[in-house]
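Remarks on the overall topology
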Amino acid sequence: MQMIPMAPREDPAVVLITTPLGDIEVEVLRDRAPVTSGNFLRYVDEGLLDGTTFFRTVAMDNQPDSEVKIEVIQGGTEPVDAAYPSQYPPIRHETTEETGLRHVDGAASMARWAPSTATSSFFICIGDQPELNHGGGRNPDGQGFAAFGCVRHGMDVVKKIHSQPHQGQRLEPPIEITSCRRIS
């Protein structure tokens, strides 16, 4: 019987997101979501997320028109942020069906309007958010969002950001991402 060599698994990268409220350490699962994690790490490695913000908090009480409620914080570049425009074109949408990743507590995922429109805005889940997975009801297209990693340390900081003052879903003021660096 001939053995077929298996491709070595790529070690996850670890990214440190520094904010005035504390640090968030995100494990980026390159072997599970290579397109999405490669895109996120490109923005990290080029320093393009430095000086951006966590600008959005979605909580149970600030989405009155949505039948499907979620809880996340969103950061990176805003779709209308002329000061920090996305530097690269949108990426192919890697569904959770394809990657096997899920939107659980601490999951990091790319924000998007429609499939294959994600660029440089990302979010972190507070609690399990199955409606964000492929087949979930949050997006009418049913394709879900592209998870690419998870918070290893700093969920207390994520929850602090989530509870900051806001107008609707917009954090007021936004929380600066002072730096976003790969630490391994």
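Preceding block: the structure.
**Quick word on helix 1 (residues 34-45)**
- Over its 12 residues, helix 1 extends 15 Å from the first C-alpha to the last, a length consistent with the 16 Å expected when each residue adds 1.5 Å.
- Listed in full, the buried residues belonging to helix 1 are Thr36, Ser37, Asn39, Phe40, Leu41, Tyr43 and Val44.
- Looking at the buried side of helix 1, the elements it contacts are strand 1 (13-19), strand 2 (22-28), strand 5 (107-110), strand 6 (121-125), strand 7 (146-153) and strand 10 (179-182).
- Gly47 sits one or two positions beyond helix 1 and adopts a positive phi of about 70°.

**A word on unusual backbone geometry**
- Glu172 connects to Pro173 through a cis peptide bond whose omega is 0°.
- The residue Pro173 is located in strand 9 (residues 170-176) in this model.
- In this structure, Ser116 is a non-glycine residue whose phi angle is positive, near 65°.
- With respect to the helices, strands and loops of the structure, Ser116 is situated in the loop between strand 5 and strand 6.

**Some details on the nonpolar core**
- Of all hydrophobic cores here, the largest spans 34 residues; its most connected members are Ile17, Ile24, Phe40, Phe54, Phe122 and Ile124.
- Listed in part, the nine residues of the second largest apolar core include Ile70, Phe123, Cys125 and Leu132.

**Describing the packing of aromatic side chains**
- Counted according to the given criterion, the structure contains five aromatic pairs.
- Judged by centre distance (5.8 Å) and plane angle (75°), the ring pair of Phe54 and Phe122 falls under edge-to-face. Of this pair, Phe54 sits in strand 3 (residues 53-58) while Phe122 sits in strand 6, placing them 68 residues apart in sequence. Pair check on accessibility: Phe54 and Phe122 agree, each one buried.
- Ring geometry for Phe123 and Phe145: centres 5.5 Å apart, planes at 90°, overall edge-to-face. Here Phe123, found in strand 6, pairs with Phe145, found in the loop between strand 6 and strand 7; they are 22 residues apart in sequence, far enough to count as distant. Comparing Phe123 with Phe145 shows no difference in burial state: the two are buried.
- Taken together, the ring pairs in this structure connect Phe40, Phe54, Phe122 and Phe148 into an aromatic cluster.

Criteria and cut-off values
- Residues numbered from 1 in each chain as written.
- Predicted model: local features only at pLDDT ≥ 70, side-chain atom pairs only at ≥ 80, totals over all residues.
- Heavy atoms only, no water.
- Helix = DSSP H or I, 4+ residues; strand = E, 2+ residues; numbered from the N terminus.
- Expected span 1.5 Å × (residues − 1).
- Buried < 20%, exposed > 50% of the residue type's maximum accessible area, 1.4 Å probe, protein only.
- Contact = heavy atoms within 4.5 Å.
- Core = buried A, V, L, I, M, F, W, Y, C linked by side-chain atoms within 4.5 Å.
- Phe/Tyr/Trp six-rings, centres within 6.5 Å; stacked < 30°, edge-to-face > 60°.

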